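In case you want the letters, here they are:
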Amino acid sequence: MDIMQKEFASRKDEIQKELELLFKTNMKIANWDVPEANDQEAAEILVKILQDGLEKIQQDVEAGKYKNY
């Protein structure tokens with residue numbers, strides 16, 4: 001395992017918890033804005049938004065946008 005793999009392996013749980021926090025925070029905001037909303041539907045929409053964002057980042061990575069970040 002190289003140094004970058006070790007770095008991210010040591011922070012994997014933290015990174016995933018931050019992603020979960022982003023999800024839960026946005027679910028709470030959705031509940032505040034639309035209290036009668038279907039939570040399951042809101043969760044599915046939010047997951048799609050997050051997936052789209054990750055796909056965009058993946059495309060940027062593949063295009064070399066972060067080579068000299």
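Check the entry above for the structure.
Residues numbered from 1 in each chain as written. Predicted model: local features only at pLDDT ≥ 70, side-chain atom pairs only at ≥ 80, totals over all residues. Heavy atoms only, no water.

K.L.:
Provide a residue-level description of the pattern of salt bridges, including the pertinent values.
P.N.:
A side chain of one charge can pair with a side chain of the opposite charge when the charged atoms of the two come close. Taken as a whole, this structure holds five salt bridges when the rule is applied. Of the charged contacts in the structure, one is a salt bridge between D52 and K48, with a shortest N-O distance of 2.7 Å. On the criterion of helical spacing, the pair formed by D52 and K48 is a turn pair, its members being four residues apart in helix α2 (residues 39–62). With relative accessibility at 34%, the residue D52 sits in the partly exposed group. Taking the shortest distance from any N to any O, the salt bridge between D60 and K56 comes out at 2.8 Å. Within this pair, D60 and its partner K56 are both found in helix α2, separated by four residues, close to a single helical turn. In this structure D60 comes out as buried when scored by relative accessible area, which is 12%. Judged by relative accessible area, which is 46%, K56 ranks as partly exposed. By sharing partners, the salt bridges in this structure join K56, D60 and K65 into a single network. (Salt bridge = Lys/Arg side-chain N within 4 Å of Asp/Glu carboxyl O. Helix = DSSP H or I, 4+ residues; strand = E, 2+ residues; numbered from the N terminus. Buried < 20%, exposed > 50% of the residue type's maximum accessible area, 1.4 Å probe, protein only.)

Without other data, these values stay purely geometric and don't point to any function.
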